[in-house]
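Chain residues, written in single-letter form:
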Amino acid sequence: MLIKFFKFALILLFYQSPLYSKSKTLNDFNSHHLSNYFSGIVAYENSDNSQALKFFKSSKSLIKQHDSYLENYVYTLVLEGKVQQAVSEIKHNLTKDNSNFFEIHLILALDSLKRKNYKKSKEHLQRSYKFINNDRLSLIIAETLEKYLYVFKENKISKEKNKFGNFSFINEVFQRCYLNDKNTKVYFENLLNSQNDEDYSRYIFFYLNYLLENDGYEEAKNITDNLNYLNSSLLISQGKKWIEDQKSEEFKKIFSCRKSTDIVSEFFFLVSNLYTSQNNFEKSNFYLNISYYLNPEFKFNLSLLAENYYLNKDYTKTLKILESFNKKDEFYYWFKLKKEAQIISKKQNKDKSLDFINLNFKEIKNPSIKIIFDIANFNKNAKKYKEAIKYYDQIISKIDINSQLYAEILYRRGGSYERLGDYVSSDKDLLKSLEVNPDDAYVLNYLAYSWLEREYKIDLSLQMLEKAYAKKSNDPYIIDSIGWAYYLINDFEKAENFLKRAVELMPEDPIVNDHYGDILWKLDRKIQARYFWENVLNLEETEDKMKKVIKGKLIEGLGNS
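Residues numbered from 1 in each chain as written. Predicted model: local features only at pLDDT ≥ 70, side-chain atom pairs only at ≥ 80, totals over all residues. Heavy atoms only, no water.

Draft legend 1. Geometry of helix α7 (residues 118–128). Of the residues making up α7, those classed as buried are Tyr118, Ser121, His124, Leu125 and Ser128. Burial along α7 is one-sided: seen end-on, the buried residues are contained in an arc of 120°. The inward-facing, buried residues of α7 contact α6 (102–114), α8 (136–154) and α15 (260–277). (Buried < 20%, exposed > 50% of the residue type's maximum accessible area, 1.4 Å probe, protein only. Helix = DSSP H or I, 4+ residues; strand = E, 2+ residues; numbered from the N terminus. Arc of directions from axis to C-beta. Contact = heavy atoms within 4.5 Å.)

Dropping the structure here:
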């Protein structure tokens, strides 16, 4: 029966799907190879690319017989990081019938670009347009790459501009950098000073690279001196560290905007990021491997690949990618350790994860403030508040007392003190944080809620929460806090309006459910109140102490609990 079903599935696959409509009849195929090919497709659809590749290789005799085989095989090779092998397979097996997809011509165009045969590259790219099929991002890729090829071949910027907003502007910055255009510096500065909501801080790294290639070390150092590790990305932090350690040659080892493959590699990294932002991790990984193929020296970009694998819960591949980072590059090595700790937490438990990260942290000589900040937060999140406070103390001693970062560290340390029940130290830190930044909604919320829990300064707490709510009206924690404040002043109807929203936004939060149950009880809606209290007992994050209190409420009601 199973064999009959398997044959029937194969018949459906090859005769009913338009994708396979050009295939030969089923009888023309070797059944073993056909079975392997089918298994490869199933593995591919399940995002198991390693297994898919094994099946495709074992059914390779179909490569010129079945039109879609080449597409599936090439795509899987690229996802496995075997781009050069994909190029070879395309060149040896390309036919008129199996070349009807965009990526195959794009890969051939990039192969020609690597060999600086820009004319041939453009020919391949022109063929790709027929297979874009209304995919806007594919169109952007083709048209942008065409502009790059024009620059490389003609040594000038095309007068015909792409109309893809700042995406096009970013690429023009790199094109001018490639040409060493006199206005390159101005273009970089305009990009970095853009006033829209996009984050262009990544391009600080490439601006530093450009300055260093043009004997602008002092200017580059002035820029990094004004950067802070705590609010800088991994890439920027690593660049800042290189300049501080007078290792500016490290920039040139991994990137030069005078190399065509390097700047096109950065373009495809940008494309990969766009797909990640859409949660299309497969496409993101495809273009990230293309990017790495063009510039394998820029291994830091693999951090995005590691993140993608981690988000897809493919921890084996995540760990494999993380092997690329070593102690020589401090910040990416720390990224590796953090990601490994997260995997240990997922596969084993949080205690072993914390032990791992703390042990490895102690082996780092002179850790930067960014790494100390991370280890403090690791311990705080693990409820090791005394350890966290020790690290926050180190950071506070090293930063400007008037900075936003100073206020942030005080907030985190104050929260740690509050969890330990040291309310004097907690209030001191949180109030001092508000002196630096009086409008921080989260600090206002934390301090006010802490006071509410102690039934201390309730009226002032409510004022602070109203201020926080005015700034963050959709934050469920702030909504819960202000609702609870109204509960404490016996305005139950207003409290119910807020807590109902909080439960809708955070249905799995035990405190919010408990608060809502209390308010419903006060409004004499006791059956509903018990429903939410019972829900608290079933929530994963409910602590044993709270469960005991909830059980008391369910037996005796609110007044006697």
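Draft legend 2. Just helix α25 (residues 441–453), in detail. Compared with the 18 Å implied by 1.5 Å per residue over 13 residues, the 18 Å span of α25 between its first and last C-alpha is a close match. Taking burial as the measure, the 13 residues of α25 include ten buried ones, the bulk of the element. Ala441, Val443, Leu444, Asn445, Leu447, Ala448, Tyr449, Ser450, Trp451 and Leu452 are the residues of α25 that are buried. Residues of α25 that are buried in the fold lie against α23 (404–419), α24 (423–436), α26 (458–471), α27 (476–488) and α29 (510–522). Capping the start of α25 is the job of one residue whose side-chain oxygen sits 3.0 Å from the backbone nitrogen of Tyr442: Asp440. Looking one or two places after α25, you find Glu455, whose phi comes out positive at around 50°. (Expected span 1.5 Å × (residues − 1). Polar contact = N/O pair within 3.5 Å; in protein donor to acceptor, adjacent residues only side chain to side chain.)

Draft legend 3. Summary view of the confidence of the model for the chain. The predicted model of the chain has a mean per-residue pLDDT of 86, with 87% of residues at 70 or higher. Across residues 1–35 the pLDDT falls below 50, and counting only partners more than four positions away or on other chains, this stretch makes 41 contacts in the model. Considering only residues more than four positions removed or in separate chains, one finds that residues 55–66, a stretch of pLDDT under 50, has 44 contacts. (pLDDT = per-residue confidence, 0-100.)

Draft legend 4. A look at the side chain of Asp262. Tracing the backbone shows Asp262 in helix α15. At 4.6 Å, Lys259 is the nearest oppositely charged side chain to Asp262, a buried residue that forms no salt bridge. Only 3.5 Å separates the side chain of Asp262 from the side chain of Asn295, close enough to count as a polar contact. Leaving out residues up to four positions away in the same chain, Asp262 has contacts with Ile254, Phe255, Ser256, Leu294 and Asn295. (Lys, Arg positive; Asp, Glu negative; His and termini not counted. Salt bridge = Lys/Arg side-chain N within 4 Å of Asp/Glu carboxyl O.)

Draft legend 5. Inspection of the packing of α25 against α26 at higher detail. One can describe the packing of α25 onto α26 by two numbers: an axis separation of 8 Å at closest approach and a directional angle of 150°. As judged from the angle between their axes, α25 and α26 are roughly antiparallel. Like other packed secondary-structure pairs, α25 and α26 cross with a definite hand, here left-handed. Where α25 approaches α26, its residues Ala441, Leu444, Asn445, Leu447, Ala448, Trp451 and Leu452 are matched on the opposing element by Ile458, Leu460, Ser461, Met464, Leu465, Lys467, Ala468 and Lys471. For the contact of α25 with α26, the residue count by class is eleven nonpolar, two polar and two charged. (Axes fitted to C-alpha atoms, helices over the stretch in contact; angles between N-to-C directions. Parallel < 35°, antiparallel > 145°, perpendicular 65-115°, else oblique. Left-handed = near helix turned anticlockwise from the far one by under 90°. Nonpolar A, V, L, I, M, F, W, Y, C, P; charged D, E, K, R; others polar.)

Draft legend 6. Molecular detail of the pattern of salt bridges. Within this structure, the stated rule accounts for 33 salt bridges. For Lys299, the salt bridge is made with Asp329, and the minimal N-O distance between the two is 3.6 Å. A residue pair is termed long-range when its members are at least 10 positions apart, and Lys299 in the loop between α16 (281–294) and α17 (302–311) and Asp329 in the loop between α18 (315–322) and α19 (330–347) qualify at 30 residues. Each member of the pair, Lys299 as well as Asp329, is classed as buried. A salt bridge links Arg413 to Asp393; the nearest nitrogen and oxygen atoms lie 2.7 Å apart. Taken together, the positions of Arg413 in helix α23 and Asp393 in helix α22 (residues 385–396) put the pair 20 residues apart, joining distant regions of the chain.

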